[in-house]
Amino acid sequence: MSTQYNNDIPFSASHHQEAFKLLELPPELLALLESDTPPTFTITSSAPTATTPGYAILCSGDKKYQMRQKNTSNPIMILQPSTTQPAEGDDPETFIPAPSVSAISKIEDTIELILQEEQAKAPPKVNKWHEKFAKGRPAKKET
């Protein structure tokens, strides 16, 4: 004869969801943060250009990381320990609260860090492709 154990953990979702952003840290930044003397990070903004808006940059010493938000297909739920409350049919005088968990946030996007290479390595584009090759074409004659 088998015995069934009742080890359920009640689960609920909070009506007031908290706002969180998760930051994916590269291993070298994680090691710095876990060290005995963690550094101070700063967040700055890049200068916007004619074709791209400015973006957030995380600075750590001489390294800079572009901060980019990316969506996840599977949301991450942040859980918090809680206790059960009496339901409508329960007697509040004799009700015994049980341990439970509550979802306090659902995260559907995270922030990733992309190491910025030196700007001098990539020369800026002077002409667009179609402008470069259009110069060699003969001009059309008007009739």
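Residues numbered from 1 in each chain as written. Predicted model: local features only at pLDDT ≥ 70, side-chain atom pairs only at ≥ 80, totals over all residues. Heavy atoms only, no water.

Looking only at helices and strands, one finds 2 helices and 6 strands in the protein. Listing every helix and strand of the protein by position from the N terminus yields β-β-α-β-β-β-β-α. Relative to its 143 residues, the protein shows a buried fraction of 15%. Of all intrachain contacts in the protein linking residues separated by at least 6 positions in sequence, the fraction that spans at least 24 positions is 65%. When the accessible surface of the protein is totalled, it reaches about 12,500 Å², and 55% of it is carbon and sulfur. (Helix = DSSP H or I, 4+ residues; strand = E, 2+ residues; numbered from the N terminus. Buried < 20%, exposed > 50% of the residue type's maximum accessible area, 1.4 Å probe, protein only. Contact = heavy atoms within 4.5 Å. Areas by Shrake-Rupley, 256 points an atom, 1.4 Å probe, with all protein chains shown as cover.)

Mapped onto the fold, T110 is located in strand β6 (residues 99-115). Engagement of the side chain of T110 in a polar contact is seen with the side chain of E24, the distance being 3.4 Å. Apart from the residues within four sequence positions on either side, T110 is in contact with L22, E24, R68, Q69, K70, T72 and I76. (Polar contact = N/O pair within 3.5 Å; in protein donor to acceptor, adjacent residues only side chain to side chain.)

Within the structure shown, the criterion is met by 5 salt bridges. The closest approach of N and O atoms between E112 and K70, which form a salt bridge, is 3.7 Å. Of the two residues, E112 sits in strand β6 while K70 sits in strand β5 (residues 63-83), which places them 42 residues apart along the sequence. Ionic pairing is found between K106 and E108, a salt bridge with its closest N-O pair at 3.3 Å. The exposure class of K106 is partly exposed, given its relative accessible area of 47%. A single network of salt bridges, built from pairs that share partners, joins E24, R68, K70 and E112. (Salt bridge = Lys/Arg side-chain N within 4 Å of Asp/Glu carboxyl O.)

This next bit is on the confidence of the model for the protein. Mean pLDDT over the protein stands at 82; residues scoring 70 or higher make up 78%. Considering each helix and strand of the protein separately, the mean pLDDT is smallest for helix α2 (residues 129-134), with a value of 56, and largest for strand β3 (residues 42-45), with 93. (pLDDT = per-residue confidence, 0-100.)

Let's shift gears to the nonpolar core. If you look at the biggest cluster of nonpolar residues, it comprises 6 residues: L29, L58, Y65, M67, I111 and L113. Only β5 and β6 provide two or more residues apiece to this core. Non-local contacts of L113, meaning those with residues more than four positions away in its chain, are made with L23, E24, L25, P26, L29, L58, Y65, Q66 and M67. (Core = buried A, V, L, I, M, F, W, Y, C linked by side-chain atoms within 4.5 Å.)

Our focus in this paragraph is the environment of P86. Relative to the elements of secondary structure, P86 occurs in the loop between β5 and β6. Residues P86 and I96 lie 10 residues apart in sequence; the distance between their C-alpha atoms is 8.2 Å.

Another point: a nonpolar patch on the surface. A contiguous nonpolar surface patch, about 280 Å² in accessible area, is contributed by L23, L25, L30 and L33. Secondary-structure assignment places L30 in helix α1 (residues 27-33). (Patch = residues over 30% accessible without salt bridge, like charges linked within 9 Å, V, L, I, M, F, W, Y side chains within 5 Å.)

With that out of the way, let us pick up the environment of S14. Tracing the backbone shows S14 in the loop between β1 (11-13) and β2 (22-24). Taking the C-alpha atoms as reference points, S14 and L79, 65 residues apart in sequence, are found 9.7 Å from one another. Contacts of S14, omitting those with residues within four sequence positions, involve A103 and I104. Among the polar contacts made by the side chain of S14, one reaches the main-chain carbonyl oxygen of H16 at a distance of 3.0 Å.

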